[in-house]
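# Per-entry structural report
Each chain, letter by letter, is given below.
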Amino acid sequence: MSFTLNFSSVRSCVNRRKNVSRSFGLVKRRLSGGKSSDVKTRSETSAGKYFVTTPIFYVNAEPHIGHLHSALLADASHRFQKLRSPGIKTIFSTGTDEHGLKIQQSSVASGCDPMVFCNQVSQKFRTLFDLVDIGYTEYVRTVEDRHNTAVGHFFKKLKDNGHIYRGNYSGWYCVSDEAYLTELQVREVQLQSGEKKLVSAESGHPVEWNSEDNYMFKLSSFRQDLQYWLKDDQRVQPERYLQELRGWVSEDLHDLSVSRPNKRVSWGILVPEDSQHTIYVWVDALVNYLTVAGYPDQMVWPPDVQVLGKDILRFHGIYWPALLMAAGLDPPNKLLCHSHWTIEGEKMSKSKGNVVCPKDRVERYTSDGLRYFLLREGTPHSDSSWSDTRAVRLLNAELADSLGNLLNRCTAQSLNPHQQRPPLCPQYKGNMPLAGQKLVEQLIILPDLVEKHYTNFNFYRGIDVIMAAVRQANLFVQEERPWELKNQTDRTKLDSVLRVALEAVRTAGIALQPIIPKLASHLLDATGVPDHQRCWNSMREGFYNTNQGELSTPYKLGSRTKLFGKIKE
Ligand code: MSP
């Protein structure tokens with residue numbers, strides 16, 4: 001992905017934001033020692049570009065539904081932004097996190113060379129994302145040379161700016177989370193054998209005591225800057241996670257150990273000019289967002305939205321912005337933090353052996369079926385519980401019955417022998433039955449309402465609005481009984497009923513593109529909507545537009561097969 005570079009200071013973008021950000025710009029200048037950043041960045045208005053990221057995934061285990069959820073939220077948002085602003089330049093990055101002790105240990109356990117091990121699992125993520133139509137523009141691996149260069153440069157920049165010192169780190173380390181923990185973040189549990197063990201209070205994974213000489217990052221000196229950054233109420237969504245971060249920042253911020261002795265953790269990137277130390281895997285991993293942006297050369301920065309799960313909020317909401325500020329770069333514009341998929345109340349994870357395999361579910365529900373269920377049932381603000389019974393019922397009721405039947409009814413050869421979106425008669429439009437009037441009202445407000453929900457990453461609420469219109473359209477058809485009109489010589493009423501219902505299909509088809517791209521394309525093909533009339537604004541060309549012209553124009557229907565086959569319970 002290359003953007004024509006138009007060198008301008010990060011500040012011009014910052015200044016366009018709220019006061020908080022303006023003062024943040026000043027803070028940033030202080031932090032970089034008054035020197036301007038050595039990186040040329042291009043600020044564009046949000047209308048001109050969209051840069052969204054997913055976390056990069058650990059390759060110690062195969063992908064599960066929870067991983068896919070992070071990627072899907074970013075994908076739906078990316079697709080939506082492209083529909084809303086056709087021609088917009090975008091970066092949508094994802095990839096794999098392949099260094100560190102956890103991966104080192106997993107590769108040893110598998111008896112594989114670490115690189116061979118990483119190649120295999122990274123490819124599994126990529127294959128899954130391709131299978132589920134995750135339309136990333138950048139797939140980054142932390143073992144790539146370009147990433148190695150970016151991390152080395154970034155670390156050196158922190159050092160040159162005076163934010164790194166040599167020190168002794170003593171404390172708890174959780175290998176599974178690749179995280180350092182304070183006394184308060186650790187608790188004792190009793191195993192079934194009666195043995196007592198210390199684990200991370202948050203994740204439940206075991207911890208070990210470490211004491212060694214490391215490079216330390218002066219995180220503690222960034223409290224005020226982080227508070228400034230977090231003053232913006234829109235900075236982190238949903239609000240509960242913003243509050244959580246504000247709470248953490250007001251507590252003690254300890255300096256962060258950002259290296260490990262190479263003899264203990266060899267699978268990583270070496271500290272520049274010190275081959276005895278490896279860079280802490282979380283610093284290495286976070287820099288992936290800079291790597292995809294082109295760092296340390298000319299780049300587009302900062303990301304508009306970074307998607308992440310609640311388990312890695314501290315890394316993205318505290319360490320990452322502080323590290324960026326220390327390097328003289330802008331922190332991200334926004335974080336979207338989502339909750340987890342659980343199984344019987346527990347977070348899915350390989351170590352618990354309770355993961356739902358996305359590949360199996362694609363075979364059972366199709367890729368769009370799986371996408372629909374995850375985005376329909378996965379709410380950002382609270383955990384969602386995976387249930388196959390629920391998935392089958394929901395997909396059958398909404399995709400096969402509501403949407404599929406509506407499409408069948410208005411495109412069936414017996415009712416629609418000319419195979420068109422027929423013209424709507426103005427007299428009918430002026431005297432519609434109540435069910436029709438209600439449908440029209442819903443279709444008129446739908447583009448704005450769904451746009452609001454999608455913009456706020458509340459895809460489930462957007463889908464709710466769309467499905468309510470689809471249900472109303474079925475109700476309308478049911479009341480108007482077009483099958484009783486088909487033998488009348490005057491087809492005006494039948495045509496009008498079909499056109500109103502087909503307007504609902506067209507609108508739903510456009511609005512569902514970010515959620516179920518294949519099925520939406522099928523709906524739009526079947527209803528004869530040309531490619532150039534599928535952007536967000538095209539929805540507004542129906543009832544939204546008071547000009548009757550468009551609705552009087554007939555359109556030829558396209559080819560059609562069954563939309564979504566019912567799944568056996
Ligand atoms: N490698 C780190 C991220 C580094 S980003 C600089 C990592 N990887 S992960 O593979 O463990 O998780 C990746 C994403 O998957 C995270 O957003 C995480 O929250 C998400 N999920 C993992 N399990 C999940 C669920 N059970 N439910 C929903 N998402 C969860 O963390």
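Since the structure is predicted, the reported quantities are computational estimates derived from the model, not experimental observations. (Residues numbered from 1 in each chain as written. Predicted model: local features only at pLDDT ≥ 70, side-chain atom pairs only at ≥ 80, totals over all residues. Heavy atoms only, no water.)

### A look at the overall build of the protein
Quick reminder of the rule: Under the DSSP-based scheme used, a helix requires at least four consecutive residues in state H or I and a strand at least two consecutive residues in state E, with every element numbered from the N terminus. Between the two quantities, the radius of gyration covers C-alpha atoms and the globule rule is 2.2 Å times the number of residues to the power 0.38. Exposed residues in this analysis have more than 50% of their type's maximum accessible area, buried residues have under 20%, and partly exposed residues fall in between, with area computed by a 1.4 Å probe over protein chains only. Here the Shrake-Rupley method, with its probe set to 1.4 Å, supplies the accessible areas, and only the displayed protein chains count as covering residues.
Within the protein, the regular secondary structure consists of 20 helices and 23 strands. Against the compact-globule benchmark of 25 Å for 569 residues, the protein has a radius of gyration of 27 Å, which places it among compact chains. C-alpha extents for the protein along the principal axes are approximately 90 × 60 × 40 Å. Within the protein, the proportion of its 569 residues that are buried is 59%. Accessible area for the protein stands at about 23100 Å²; split by element, carbon and sulfur atoms hold 49% of it.

### Describing unusual backbone geometry
Following glutamine 237, the chain continues into proline 238 via a peptide bond in cis, with omega recorded as -15°. Looking at the element boundaries, proline 238 is found in the loop between strand E11 (236-237) and helix H8 (239-250). Note that the residue after tyrosine 295, namely proline 296, is joined by a cis bond; omega there is 5°. Secondary-structure assignment places proline 296 in the loop between helix H10 (288-293) and strand E16 (299-300). A positive phi is found at glutamate 178, a non-glycine position, where the angle reads about 50°. Note on placement: glutamate 178 falls in the loop between strand E6 (164-174) and strand E7 (179-181). With a relative accessible area of 1%, glutamate 178 lands in the buried category. Of note in this structure, threonine 366 is not a glycine but carries a positive phi near 75°.

### Examining the packing of helix H12 (residues 358-365) against helix H13 (residues 367-377)
The condition that has to hold: In this description, a line fitted to the C-alpha atoms serves as the axis of each element, helices being fitted only across the stretch in contact, and the angle between N-to-C directions of two axes falls anywhere from 0 to 180 degrees. Every angle not falling under 35 degrees, over 145, or within 65 to 115 is termed oblique; those three ranges are roughly parallel, roughly antiparallel and roughly perpendicular. Throughout, a crossing is termed right-handed when the near helix is turned clockwise from the far one, and left-handed when it is turned anticlockwise from it by less than a right angle. Throughout, a contact is declared for two residues whenever any of their heavy atoms are within 4.5 Å. Put simply, Ala, Val, Leu, Ile, Met, Phe, Trp, Tyr, Cys and Pro go in the nonpolar bin, Asp, Glu, Lys and Arg in the charged bin, and everything else, Gly too, in the polar bin.
At a minimum axis separation of 6 Å, H12 and H13 run at an interaxial angle of 110°. As far as their axial angle goes, H13 and H12 are roughly perpendicular. The hand of the H12/H13 crossing is right-handed. Residue-level contacts link Pro358, Arg361, Val362 and Tyr365 of H12 to Ser367, Gly369 and Leu370 of H13. Partitioning the contact of H12 with H13 into residue classes produces four nonpolar, two polar and one charged.

### Considering the site of the ligand
The following threshold applies: Near is defined per residue: the residue qualifies when any heavy atom it owns lies within 4 Å of the molecule or strand. Distance and chemistry together define a polar contact, namely a pair of N or O atoms within 3.5 Å, with one atom able to donate a hydrogen and the other to accept it when in protein, and with adjacent residues in sequence counting only for side-chain atoms on both sides.
Neighbouring residues of the ligand: 25 residues in total, closest Ile56, Asp97, Gly309, Asp311 and Trp341. Taking histidine 67, its side chain carries an N or O atom lying 3.4 Å from an oxygen atom of the ligand. Measuring from a nitrogen atom of the ligand, one finds a side-chain N or O atom of aspartate 97 at 2.7 Å. Considering the ligand on its own, with 660 Å² of exposed area, one finds that the protein chains cover 96% of that surface. Every element with two or more residues in the shell around the ligand is listed here: strand E3 (57-58), helix H3 (65-84), helix H9 (281-286), H10 and strand E17 (305-309). For the shell around the ligand, the per-class residue count stands at 12 nonpolar, 10 polar and three charged.

### Things to note about the domain arrangement of the protein
Note the following rule: Domain ranges listed in this record stem from an automatic or a database domain assignment. Just to be clear on terms, a salt bridge is a Lys or Arg side-chain nitrogen sitting within 4 Å of an Asp or Glu carboxyl oxygen.
By domain assignment, the protein separates into domain 1 (7-13 + 388-556) and domain 2 (43-356). Taking only C-alpha atoms, the centre of domain 1 and the centre of domain 2 are 41 Å apart. Listed by partner, the interface residues are 19 residues for domain 1 and 17 residues for domain 2. At the junction of domain 1 and domain 2, the tally comes to two salt bridges.

### Observations regarding the sheet that holds E7
Filter applied, for reference: By this definition, two strands are paired if DSSP reports at least two bridges between them.
Pairing within the open sheet is antiparallel, and its four strands lie in the order E7-E6-E10-E12. Only two strands of the sheet have a single partner each, and these edge strands are E7 and strand E12 (256-257). Where E6 lies against E7, three bridges are found, and the strand directions are antiparallel. In the strand pairing of E7, tryptophan 172 is matched with leucine 181.

### Topic: the pairing of strand E9 (residues 196-200)
The pairing of strand E8 (residues 186-190) with E9 spans five bridges and is antiparallel. Bridge pairing in E9 links valine 189 to lysine 197. Connecting E8 to the next strand, E9, in antiparallel fashion are five residues, including glycine 194 with a positive phi near 95°.

### What to know about the pairing of strand E4 (residues 89-97)
Of all nine residues that make up E4, eight are buried, and the element is covered over most of its length. Of the pairings in the sheet, the one linking strand E2 (residues 49-53) to E4 comprises five bridges and is parallel in character. Along E4, the bridge assignment pairs valine 52 with phenylalanine 92. With two bridges connecting them, E3 and E4 associate as parallel partners. The partner of tyrosine 58 across the bridge, within E4, is aspartate 97. The sheet contact formed by E4 and strand E5 (residues 138-141) spans four bridges and is parallel.

### Here we look at the sheet that holds strand E15 (residues 274-279)
With respect to topology, three strands assemble into an open sheet ordered E13-E15-E14, the strand pairing being antiparallel. The sheet is open, and its two borders are formed by strand E13 (259-261) and strand E14 (270-271), each paired with just one other strand.

### A look at the nonpolar core
As a rule of thumb, soluble globular proteins bury nonpolar side chains together. Formally: Definition of nonpolar core: a set of buried residues of the types Ala, Val, Leu, Ile, Met, Phe, Trp, Tyr and Cys, connected through side-chain atoms within 4.5 Å.
Grouped together as the largest cluster of nonpolar side chains are 175 residues, with contacts concentrated most on Phe129, Phe217, Tyr280, Leu290, Trp301 and Trp386. In terms of residue count, the dominant contributor to this core is helix H18 (residues 492-511) (11 residues). Each of two domains, domain 1 (7-13 + 388-556) and domain 2 (43-356), supplies a minimum of three residues to this core. If sequence neighbours within four positions are ignored, phenylalanine 217 has contacts with His163, Ile164, Phe222, Asp255, Leu256, Val258, Ala322, Leu323 and Ala326.

### A few points about helix H17 (residues 459-480)
In plain terms, the rule: Take the residue count of a helix, subtract one, and multiply by 1.5 Å to get its expected span.
Between its first and last C-alpha atoms H17 spans 32 Å; for 22 residues at 1.5 Å apiece the expected length is 32 Å, and the two agree. The positive-phi residue at the C-terminal boundary of H17 is arginine 481, with phi of around 45°.

### Let's talk about the packing of aromatic side chains
Cut-off, in case you're wondering: Aromatic rings from Phe, Tyr and Trp, with only the six-membered ring used for Trp, were paired whenever their centres fell within 6.5 Å, and each pair was classed as stacked if the ring planes differed by under 30 degrees, edge-to-face if by over 60, and tilted otherwise. Comment: the charge-over-ring label is applied if NZ (Lys) or CZ (Arg) is within 6 Å of the ring centre and within 35 degrees of the ring normal.
Going through the model one piece at a time under the given rule, you end up with 24 aromatic pairs. Considering the side-chain rings of tryptophan 301 and tryptophan 320, the 6.2 Å spacing of their centres and the 90° angle between planes classify their relative orientation as edge-to-face. Placement of the pair is tryptophan 301 in the loop between E16 and E17 and tryptophan 320 in helix H11 (residues 313-326), with a sequence separation of 19 residues. On the basis of relative accessible area, tryptophan 320 is assigned to the buried category, the value being 0%. Through a chain of ring-to-ring contacts, the aromatic side chains of Phe80, Tyr454, Phe457, Phe459 and Trp536 assemble into a single cluster. The side chain of arginine 314 reaches across the aromatic face of tryptophan 248, ending 4.3 Å from its centre.

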